[in-house]
Amino acid sequence: MDGLPKFQDKQRVTANDKGTSSIVEKTINNLVENGINVIVRMTITQEMIKEFKETIDYLSNLGIKIIHFEPMTMGGRAKENEGSLSRPNPEEYANKLVEVIDYAKEKGVSIISSTVMNALSPSYMFCDGVGKNKLAVTYEGVFSSCLGVQNKEHPLADKFIVKDRDIKKWMEAKFGSYVDDYSKNNKCKNCFAKYICAGGCPSRNFYATEDFEKIDDMQCIPTKIILKKYITNLYKQSAS
Ligand code: SF4
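Quick caveat, the model's predicted, so the values are computed rather than measured. Each chain has its residues counted from 1, running along the sequence as written. In view of the model being predicted, local features appear only for residues whose pLDDT reaches at least 70, and side-chain atom pairs are presented and counted only at 80 or more, with totals across whole chains, interfaces and linings using the full set of residues. Processing note: side-chain calculations cover all non-hydrogen atoms of the structure and skip hydrogens and water entirely.

Draft legend 1. Highlighting the overall build of the protein chain. Segments assigned H or I by DSSP are reported as helices when at least four residues long, segments assigned E as strands when at least two residues long, and all are numbered from the N terminus. Helix and strand content of the protein chain: eleven helices and five strands. Here the C-alpha atoms of the protein chain give a radius of gyration of 19 Å, agreeing with the 18 Å that 2.2 N^0.38 yields for 240 residues. In terms of overall dimensions, the protein chain has a C-alpha envelope of 50 × 50 × 35 Å along the principal axes. Think of it in three bands: with a 1.4 Å probe and only protein chains considered, a residue is buried below 20% of the maximum accessible area for its type, exposed above 50%, and partly exposed in between. Burial statistics for the protein chain: of 240 residues in total, 44% are counted as buried. In this description, contact between two residues means that some pair of their heavy atoms is separated by no more than 4.5 Å. Counting only contacts in the protein chain whose residues sit at least 6 apart along the sequence, the fraction spanning at least 24 positions is 63%. Each accessible area value is a Shrake-Rupley result obtained with a 1.4 Å probe; residue values ignore everything except the protein chains displayed when judging cover. For the protein chain, the accessible surface area stands at approximately 13,000 Å², while carbon and sulfur atoms represent 51% of it. It is over C-alpha atoms that the radius of gyration is taken, and the globule rule equals 2.2 Å times the number of residues to the power 0.38.

Draft legend 2. Here's a closer look at the packing of helix H5 (residues 90-106) against helix H11 (residues 217-239). Contact geometry for H5 and H11: axes closest at 8 Å, N-to-C directions at 30°. Here H11 runs roughly parallel to H5, going by the angle between their axes. Handedness of the H5/H11 crossing: right-handed. Side by side, H5 and H11 meet where Pro90, Glu91, Tyr93, Ala94, Asn95, Leu97, Val98, Ile101, Asp102 and Lys105 of the first sit next to Asp217, Met218, Ile221, Pro222, Ile225, Ile226, Lys229, Asn233 and Gln237 of the second. By the convention adopted, Pro, Cys, Tyr, Trp, Phe, Met, Ile, Leu, Val and Ala count as nonpolar, Lys, Arg, Asp and Glu as charged, and the other residues, Gly among them, as polar. Classifying every residue of the contact of H5 with H11 gives eleven nonpolar, three polar and five charged. Note on definitions: angles span 0 to 180 degrees between N-to-C directions of axes, and those axes are lines fitted to C-alpha atoms, for helices only across the stretch in contact. Angles below 35 degrees are treated as roughly parallel, those above 145 as roughly antiparallel, those between 65 and 115 as roughly perpendicular, and all remaining angles as oblique. Two helices crossing with the near one rotated counterclockwise from the far one by less than a right angle form a left-handed crossing, whereas a clockwise rotation gives a right-handed crossing.

Draft legend 3. Seen up close, empty space enclosed by the protein. Definitions used for this entry: grid spacing 1 Å over protein atoms alone; cavity, a set of points where a 1.4 Å probe fits but cannot get out; pocket, an open set with protein on both sides within 12 Å along at least 5 of 7 lines; lining residue, one with an atom within 4 Å of a point. Grid points are joined across faces, edges and corners, and a volume is the space filled by probe spheres set on the points. All told, the structure shown has two cavities of 30 Å³ or more when counted by the stated rule. Listed by contribution, the elements that provide at least two residues to the lining of the largest cavity are helix H9 (194-197) and H11. For the lining of the largest cavity, a count of residues per class yields seven nonpolar, one polar and three charged. When its volume is computed, the second largest cavity comes out at roughly 70 Å³. Residue lining of the second largest cavity: Pro71, Arg87, Thr115, Cys201, Arg204, Asn205, Asp216, Met218 and Gln219, and that is the complete set. Mapped by element, the contributors of at least two residues to the lining of the second largest cavity are helix H10 (202-209) and H11.

Draft legend 4. Representation of the pairing of strand E2 (residues 66-71) within the structure. Most of E2 sits inside the fold, with six of its six residues counted as buried. Two strands qualify as a pair provided DSSP detects at least 2 bridges between them. Direction of pairing for strand E1 (residues 39-44) relative to E2: parallel, over a ladder of six bridges. Bridge pairing in E2 links Ile39 to Ile66. The parallel pair E1 and E2, bridged by helix H3 (residues 52-61), forms a crossover whose chirality is right-handed. Two strands pair when backbone bridges link them, and E2 and strand E3 (residues 110-112) are joined in this way by three bridges, in the parallel orientation. If you follow Ile66 over to E3, its bridge partner there is Ser110. With the strands pointing away from the viewer, any crossover whose connection runs clockwise from the first strand over the helix to the second is right-handed.

Draft legend 5. Structural detail: the site of the ligand. Being near a molecule or strand, for a residue, comes down to having at least one heavy atom within 4 Å of it. Looking at the ligand, the residues that line it are Val179, Lys187, Cys188, Cys191, Lys194, Cys197, Ile215, Cys220 and Lys224. Assignment of a molecule to a cavity or pocket requires that more than half of its atoms lie within 2 Å of the corresponding grid points. In this structure, the ligand is accommodated by the largest cavity. Among the secondary structure elements, those contributing two or more residues to the shell around the ligand are H9 and H11. Looking at the shell around the ligand, its residues break down into six nonpolar, no polar and three charged.

Draft legend 6. View of the packing of aromatic side chains. Here is the rule: rings of Phe, Tyr and Trp (six-membered ring for Trp) pair when centre to centre is within 6.5 Å. Planes less than 30 degrees apart are stacked, more than 60 are edge-to-face, and the remainder are tilted. This model, assessed by the stated rule, comprises five aromatic pairs. With 5.0 Å between their ring centres and 80° between their planes, Phe52 and Phe69 make a pair best called edge-to-face. Of this pair, Phe52 sits in helix H3 while Phe69 sits in strand E2; the two residues are 17 residues apart in sequence, bridging distant segments of the chain. Accessibility assignment for this pair places Phe52 and Phe69 in one class, buried. Taking 5.1 Å as the distance between ring centres and 45° as the angle between the ring planes, the aromatic pair formed by Phe160 and Phe175 counts as tilted. With a gap of 15 residues between them, Phe160 in helix H7 (residues 157-160) and Phe175 in the loop between helix H8 (167-172) and H9 connect regions that are remote in the sequence. For the pair formed by Phe160 and Phe175, the shared burial category is buried. An aromatic cluster is present here, built from Phe52, Phe69 and Tyr93 joined pairwise through their rings. Distance and angle both matter: a charge sits over a ring if NZ of Lys or CZ of Arg is within 6 Å of the ring centre and within 35 degrees of the ring normal. We note Lys53 situated over the ring of Tyr103; from NZ or CZ to the ring centre the distance is 4.7 Å. Sitting over the ring of Phe175, Lys159 keeps its end group 5.0 Å from the ring centre.

Structure follows, in structure tokens:
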């Protein structure tokens, strides 16, 4: 879900174009009442970034303890609604997120974001989907190592989807380390965050730069800003 009802009701609607916040609230209430730890994953648009604090208050009051922030990618339904939804400015998004991390902690809420998910286990591969360590069954019944690549028409289907049950071919379509490919990503050469960033999601790179190995600014800029906050907080904790 996308947090505050005014965003949820605009960005996530029923087939009849009705807002879904009350339905989702009810589901969250049911889950929380039954002792289930709910993680809310939000797709962040530009208009949402000014209200992160209010969003944390709202979700915390619903009993949410973990919130996953992910900026919108201009693919799929976002692309279909390009006129009414906009991707956040990467720098503004990251700075606004950093501003509320400590506030969320005081409220007992943890914030997660894929840009720094490799912080405790540096890697040259961004995720299990890229490393071919994961296999999901999509709504069309195909096997894919990426939940963002769900059908055979996707431009990166050859990389992620098992075609004709040929697992060997799927494994062979493994990704190289594009974070080390300086012909495409010269800015990464001396980057302190290189193996935390690990080049980001190839699908998102593709939608942003038209080349899955050319790293999206939405990966680059927030990684450096949020990682700096993460390291500073670790230092403060270890020094206290
Ligand atoms: S954070 Fe930016 S500069 Fe650093 S490795 Fe990632 S894309 Fe390259």
